[in-house]
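Residue strings, one per chain:
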Amino acid sequence: SPLDLAKFRLQIQRAGVYGDANQPIFYSGMIDCLKKAYLADGLRGCFRGSVARVIHFVPSITITMTCYEKLCPIFANNFKV
């Protein structure tokens, strides 16, 4: 999502205590980061990496929902819910 992209870019910019103190900060905040990403790459650039995120979460969500659907009738019959 665009907010994850902005968070990631803000985290990796090197300046201040842990980075090179002489290097200027490229992003001043979340809005500035999103604006620069949009201006550089368009709307598609704001959603960069979303496909990998979907590929990561789809199997776990599928397993969770399948188990839920299979176990609901079992627990409903055994516990008279």
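(A) Examining the confidence of the model for the protein chain more closely. Overall, the prediction assigns the protein chain a mean pLDDT of 85, with 86% of residues at 70 or greater. Looking at the elements of the protein chain, mean pLDDT is at its lowest for helix α1 (residues 2-12), recorded as 87, and at its highest for helix α3 (residues 50-79), recorded as 91.

(B) Broad picture of the pattern of salt bridges. For the structure on display, the rule yields three salt bridges. Linking R53 and D4 is a salt bridge whose minimum nitrogen-to-oxygen distance equals 3.3 Å. Here R53 is found in helix α3, whereas its partner D4 is found in helix α1, with 49 residues between them in sequence. Its salt-bridge partner being D41, residue R48 comes within 3.3 Å of it at the nearest N-O pair. Assessed through its relative accessible area of 52%, R48 is described here as exposed.

(C) Expanded view of the packing of aromatic side chains. Overall, the coordinates contain one aromatic pair when judged by the stated rule. Its end group placed over the ring of F26, K36 keeps NZ or CZ at 4.3 Å from the ring centre.

(D) How the structure looks around helix α2 (residues 30-46). Its 17 residues place the ends of α2 only 12 Å apart at the C-alpha level, less than the 24 Å of an ideal helix rising 1.5 Å per residue. For α2, the principal kink sits at A40 and spans about 105°. The secondary structure elements touched by the buried residues of α2 are α1.

(E) Main features of α1. Looking only at α1, the buried set comprises L5, A6 and R9. Each buried residue of α1 lies within a common arc of 95° when the element is viewed along its axis, so the set occupies one face. Facing away from the buried side of α1, by more than 90 degrees, are the exposed residues L3 and Q11. Taken together, the buried residues of α1 touch α2.

(F) Spotlight on the side chain of D32. Inspection of the secondary structure assignment puts D32 in helix α2. Not counting residues within four places of it along the chain, the set of residues in contact with D32 comprises F26 and Y27.

Conventions adopted
Residues numbered from 1 in each chain as written. Predicted model: local features only at pLDDT ≥ 70, side-chain atom pairs only at ≥ 80, totals over all residues. Heavy atoms only, no water. pLDDT = per-residue confidence, 0-100. Helix = DSSP H or I, 4+ residues; strand = E, 2+ residues; numbered from the N terminus. Salt bridge = Lys/Arg side-chain N within 4 Å of Asp/Glu carboxyl O. Buried < 20%, exposed > 50% of the residue type's maximum accessible area, 1.4 Å probe, protein only. Phe/Tyr/Trp six-rings, centres within 6.5 Å; stacked < 30°, edge-to-face > 60°. Lys NZ or Arg CZ within 6 Å of the ring centre and 35° of its normal. Expected span 1.5 Å × (residues − 1). Bend = angle between axes of the 7 residues up to and from the residue. Contact = heavy atoms within 4.5 Å. Arc of directions from axis to C-beta.

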